[in-house]
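Results of the structural survey
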Amino acid sequence: LKTLLKYILLSSVTVVFTVLTYRIFKSKDFTRDRNSLGLARSIGIEPLAPREVILVDNEKIDWHDYEQIEKELKRLGRGEHGKPEFLSEQEKHDYDSLYKVNGFNAALSDKIAIDRSVPDIRHKGCRAKKYLKNLPTVSVIVPFHNEHWTTLLRTAVSVVKRSPPHLLKEVILVDDFSSKAFSKKPLDDYLAANLTKVRAIHLPERSGLIRARLAGARAATADVLVFLDSHTEANVNWLPPLLEPIAQDYKTCVCPFIDVIQYETFEYRAQDEGARGAFDWEFFYKRLPLLPEDLKHPTEPFKSPVMAGGLFAISAKFFWELGGYDEGLDIWGGEQYELSFKIWQCGGQMYDAPCSRVGHIYRKFAPFPNPGKGDFVGRNYKRVAEVWMDEYAQYLYMRRPQYKNLDPGDLTQQRAIRDQLHCKPFKWFMENVAFDLPLKYPPVEPGDFGFGEIRNLGAPELCVDSLFRERDQAVAVAPCLSDAGRKGKGEQNFTLSWHKDLRVKGKSLCFDVSDPNDKADVTLYPCHGSKGNQYWKYDVEKQWFLHGGNPRCLDCDPGQKRLYVRACDESSKTQKWRFENVNLT
Ligand code: UD2
Ligand code: MN
């Protein structure tokens, strides 16, 4: 009996130890203490064999909160499920005044619940995806300057409602010296009473969004920092897809897909089904197509050269190893390039996660006056270019020569960070990460193939004429203005650009044919520079304007003054055109 008792005691002790050890691995703190073996030993427990640890570590679970999803599906009301909403005439009294200070329909926002539902527009494969059970904790940081009350609160509420409670440690709203009275005590009181995980920090002076984010990051206590703009809405199960790549490698930054909350109607819809972030050489944010291997796995994160800026997750450890943001970046702009270049050049990587979606209000216009700081965007761009872009900085200066004389301030500290971390040259980034960027945005633009008037040879009194038309409207032929001794205002002046598209001079509208039928209209559409429906060639010998990869010829009906494309025909006279200036080199 004594032996039996001893045996039972021993085995129950073993069971308790095993359970305890398992729980410790489960609650492993990611970036702070990657080595929980050490933790287990320090409290006197011999850890499980390593093979079993790996099994526990790699366990994946379904993170969906089905109860919450069910509840949201049943919601009824204005703007629910991200449906477009409108104000009645009686509700429009403060429409204009609120629009002016926000750049969006804030009066409508006030009529929509701050905990409204949004449609689950993820790729349907996302619904079946599982993520690591063991994910790091999160601090969400939201800088704001004079954000509208209901859009700000909707941001915070969407995060709290759609995040697993044990992963979401806190939401920090960083008030960048707002002048709106509600941004201080009323906000603090509201948060304390209604949203215990959310708190506000009030900066004592206008600091700009970059230093506001830094202030939030310094106050944050979780493993991962998630930054959001102050007019966003997190969608279903948004957090696990952002966190898993970071759990697997802490030097990874992950961005959600950014959906569109329409500024007028608050409709929630997709922007597109994903693209890689990039820039042109004026530093406008641009996008590059997904790569063939990305398209094969539509629910998997894909590499992106540059983030949009406002919405991303990064481990606190990696963020601070990189020195955070450059504190010299003021107010707005450029920080998305700084952090993206730094991440890639200094040993990290950046992904977009298709199964994580967050809506964002792209304003109709920027409502904030310049706080008397001159060209802060230019100074920010120059700081980033001077520290990170090496010889490529000249391409920015070629297009923005005024930057050459701009004083970017002291850069020693930023350059020291680059040295200490042994970061790679910008050329490496261009050749390995943004390798297809120069095809679409060549640093040095080649010349145009031709420009000027396009005159028909079958009816030589007629020229191609845009008729001052706009997007989606057809172009035609009309009597040539030059015959009447007139120059016109560009409606008969076109450019065959190096992109191989035909542009209306002075506009970024291109000749586009989407109809495969005979006598298909030529319509105007914003230039995309990717050939396809906008692909044109001029055959100097035959005097043809050839459209498309399987080419048809530009042609017209002189009687009806219609312009169209049809199968090329050597004997047709109306398919011949004289292009005023052709560059033969
Ligand atoms: C985009 C980014 C934005 C930022 C910016 C370039 C997205 C969706 N948005 O412009 O996050 O990267 O490009 O810098 O990617 N704010 C302050 N203090 C200021 C000015 C702004 O706290 O002095 C806040 C503002 O309330 C908002 C955030 O910073 O929460 C971004 O400003 P924005 O919404 O005007 O920028 P956006 O979306 O046009
Ligand atoms: Mn924004």
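If you check an unreviewed UniProt entry, the protein appears there as Polypeptide N-acetylgalactosaminyltransferase from Phyllotreta striolata. The UniProt entry for the protein carries the following text under Cofactor (unreviewed entry): "Mn(2+)". Taken directly from UniProt, the Sequence similarities (unreviewed entry) text for the protein runs: "Belongs to the glycosyltransferase 2 family. GalNAc-T subfamily."

Re the overall build of the protein
Regarding its fold elements, the protein presents 18 helices and 27 strands. Principal-axis analysis of the C-alpha atoms gives the protein an extent of 115 × 55 × 55 Å. For the protein, the proportion of its 585 residues judged to be buried stands at 52%. Pairs at least 24 residues apart make up 74% of the contacts formed inside the protein by residues separated by at least 6 positions. Accessible surface, the protein as shown: approximately 27600 Å² in total, 55% of it carbon and sulfur. Positive and negative side-chain charges of the protein, numbering 83 and 79 respectively, have mean locations separated by a distance of 2 Å.

Remarks on the coordination of the manganese ion (ligand 2)
Ligation of the manganese ion (ligand 2) by protein atoms is provided by Asp-229 (OD), His-231 (NE2) and His-360 (NE2), these donors lying 2.2 to 2.3 Å from the ion. In the primary structure, the donors to the manganese ion (ligand 2) are separated according to the pattern D-x1-H-x128-H. An identical accessibility class is assigned to Asp-229 and His-231; each is buried.

Here we look at the pairing of strand β25 (residues 552-557)
On a regular strand, each side chain points to the face opposite its neighbour's, so the side chains alternate between the two faces of the sheet. Buried residues dominate β25, accounting for five of its six residues. Turn length for the strand β24 (residues 544-547)-β25 hairpin, with the two strands adjacent in sequence and antiparallel, is four residues, and the turn residue Gly-548 shows positive phi of about 85°. The turn joining β25 and strand β26 (residues 562-566), which pair antiparallel and follow one another in sequence, is formed by four residues; a positive phi near 60° is taken by Lys-561.

Observations concerning the pairing of strand β11 (residues 285-288)
Sheet topology places strand β10 (residues 276-279) next to β11; four bridges connect them, and they run antiparallel. From the neighbouring strand, Arg-276 faces β11, where its bridge partner is Leu-288. Remark: five residues form the turn of the hairpin made by β10 and β11, two consecutive strands paired antiparallel; Phe-283 in that turn has positive phi of roughly 75°.

Some words on the packing of aromatic side chains
By the definition in use, this model includes 31 aromatic pairs. When the ring of Tyr-250 is compared with that of Phe-318, the centres are 6.2 Å apart and the planes differ by 85°; the resulting orientation is edge-to-face. In this pair, Tyr-250 sits in the loop between α10 (239-248) and β8 (252-261) while Phe-318 sits in helix α12 (residues 316-321), placing the two residues 68 residues apart along the sequence. In this pair, the class of Tyr-250 matches that of Phe-318, namely buried. The residue whose ring lies beneath Lys-317 is Tyr-250, and the NZ or CZ to ring-centre distance is 4.9 Å. Above the plane of the ring of Phe-284 lies Arg-400, whose end atom (NZ or CZ) is 5.4 Å from the centre.

Quick look at the site of ligand 1
Every one of the 22 residues lining ligand 1 counts as a neighbour, but Asp-176, Asp-229, Ser-230, Gly-333 and Glu-335 are closest to it. His-145 places a main-chain nitrogen or oxygen 3.1 Å from an oxygen atom of ligand 1. Of all the elements in the fold, those that place two or more residues in the shell around ligand 1 are β3 (138-144), α9 (208-219) and α13 (335-345). Looking at the shell around ligand 1, its residues break down into seven nonpolar, nine polar and six charged.

Re the confidence of the model for the protein
Do not read the fine detail of predicted coordinates wherever pLDDT is low. Confidence in the prediction of the protein, expressed as mean pLDDT, is 91, and 91% of residues score 70 or more. Scored below 50 in pLDDT, residues 24-55 makes 48 contacts in the model with residues more than four places away or belonging to other chains. Reported confidences for the modelled complex are a pTM of 0.77 and an ipTM of 0.99.

Calculation criteria
- Residues numbered from 1 in each chain as written.
- Chains lettered and ligands numbered in written order.
- Predicted model: local features only at pLDDT ≥ 70, side-chain atom pairs only at ≥ 80, totals over all residues.
- Heavy atoms only, no water.
- UniProt positions renumbered as here; feature names shortened; annotations may be inferred.
- Helix = DSSP H or I, 4+ residues; strand = E, 2+ residues; numbered from the N terminus.
- Buried < 20%, exposed > 50% of the residue type's maximum accessible area, 1.4 Å probe, protein only.
- Contact = heavy atoms within 4.5 Å.
- Areas by Shrake-Rupley, 256 points an atom, 1.4 Å probe, with all protein chains shown as cover.
- Lys, Arg positive; Asp, Glu negative; His and termini not counted.
- Charge placed at Lys NZ, Arg CZ, Asp CG, Glu CD.
- Donors = N, O, S within 2.8 Å, 3.2 Å for Na, K, Ca; no water.
- Pairing = 2+ DSSP bridges.
- Phe/Tyr/Trp six-rings, centres within 6.5 Å; stacked < 30°, edge-to-face > 60°.
- Lys NZ or Arg CZ within 6 Å of the ring centre and 35° of its normal.
- Near = heavy atom within 4 Å.
- Polar contact = N/O pair within 3.5 Å; in protein donor to acceptor, adjacent residues only side chain to side chain.
- Nonpolar A, V, L, I, M, F, W, Y, C, P; charged D, E, K, R; others polar.
- pLDDT = per-residue confidence, 0-100.

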